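Analysis of the macromolecular model
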Amino acid sequence: MPLVPFPGSRSGAFLTPPDDDEDDDGSGSKMSFLEHLDEFRKRIIHALLGVVVGVFVAFAFIERIVSFIWGPMRRVLPPGVKLIYTEPAEAFSLYIQISLLAGALLAAPWVMYQVWMFISPGLRSNEKKFAIPFVVFTTLGLVFGAAFNHYIAFPFMIRFLASFNGVDLVFMPRIEDTFDMYLKMALGMAAVFQLPTIVFFLAKLNLVSARFLWSKGKYAILLAFIIGAVVTPTGDPINQTIFAAPIVILYFLSIVIAWIVAPKGRKAPPVD
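The structure displayed is predicted, hence computed values, not measured ones.

In a soluble, globular protein the nonpolar side chains are often hidden away together inside. Core analysis: the biggest nonpolar cluster contains 35 residues, and Ile98 and Met185 have the highest contact counts within it. Secondary structure elements with two or more residues in this core: helix H2 (62–76), helix H3 (90–106), helix H5 (131–162), helix H6 (175–192), helix H9 (217–231) and helix H10 (237–261). Dropping the residues within four chain positions of it, Met185 is found in contact with Asn149, Ala153, Phe154, Met157, Val231 and Phe243. Ranked by size, the runner-up nonpolar core spans 19 residues in total, among them Val135, Val199, Ala210 and Leu213.

For the coordinates displayed, the defined rule picks out six salt bridges. With a closest N to O distance of 3.5 Å, Lys42 and Glu39 form a salt bridge. Of this pair, Lys42 and Glu39 are both found in helix H1 (residues 33–60), three residues apart, which corresponds to roughly one turn of the helix. Under the relative-accessibility criterion, Lys42 is labelled partly exposed at 33%.

So, about the packing of H6 against H10. Contact pair H6 / H10: the axes reach a minimum separation of 10 Å and the direction vectors enclose 15°. Classified by the angle their axes make, H6 and H10 are roughly parallel. In terms of crossing hand, the pair formed by H6 and H10 is right-handed. Residues Met185, Met189 and Val192 of H6 form the contact with H10, whose own contacting residues are Phe243, Pro246, Ile247 and Leu250. Tallied by class, the residues present in the contact of H6 with H10 amount to seven nonpolar, no polar and no charged.

Let us look at the side chain of Thr138. Within the fold, Thr138 resides in helix H5. Look at Thr138 and you get buried, because its relative accessible area is 5%.

So, how was this worked out
Residues numbered from 1 in each chain as written. Predicted model: local features only at pLDDT ≥ 70, side-chain atom pairs only at ≥ 80, totals over all residues. Heavy atoms only, no water. Core = buried A, V, L, I, M, F, W, Y, C linked by side-chain atoms within 4.5 Å. Buried < 20%, exposed > 50% of the residue type's maximum accessible area, 1.4 Å probe, protein only. Helix = DSSP H or I, 4+ residues; strand = E, 2+ residues; numbered from the N terminus. Contact = heavy atoms within 4.5 Å. Salt bridge = Lys/Arg side-chain N within 4 Å of Asp/Glu carboxyl O. Axes fitted to C-alpha atoms, helices over the stretch in contact; angles between N-to-C directions. Parallel < 35°, antiparallel > 145°, perpendicular 65-115°, else oblique. Left-handed = near helix turned anticlockwise from the far one by under 90°. Nonpolar A, V, L, I, M, F, W, Y, C, P; charged D, E, K, R; others polar.

What follows is the structure, encoded as structure tokens:
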């Protein structure tokens, strides 16, 4: 590295110029591959510890949580139909799974914070201020997605499946199969409701634009119905639409968000 004379010095003192790789805002420190792995391991451990704490808290209120989960479904079941279990440990296993789900939801803000702490070293100083919005928006996405499934999508699905109950066919849903369907649908909706948050930060970083998203709208609608077909346990168009509709709505809401938060005076990403 070249040396430069110290200004005004008669003794020939030299200074080492700053490294060009460092950012002007002082956030130019780089991590090696092993340091990235160590940071990833640390964040995973911290996130898991938060989930463990959430699981213990949830298990303390497990009866109320189980009653809450089955509540909307119980109201749409035919008269006299109850959930059944056919293996001795099936009900206990259900309680454990529900505790894990509720514990993960309770620990969501802490987990999202760990995700942010892992990716923040690669951001500029002015981008690190989005830590709180990231945690808040991603947590809200999880909550709203789970709520949409709990109060709308899952009860509608159960009502449709229970409509075949009659004289010749008796609807007797097993708790394990029913909860597996509930969990699959809840996770799918929780992921879908992250779309506005993802677009918000991508637009802030000037990685996507409203114009680009608008040009891909027809593909987004097609993808929404494909996702609905995958997540939905039945292949009928009505249930697919129940899942595809919020995806389409959130996508076009994300276009509005991208248009509002787009950095001014910057060139938007090109549209293919």
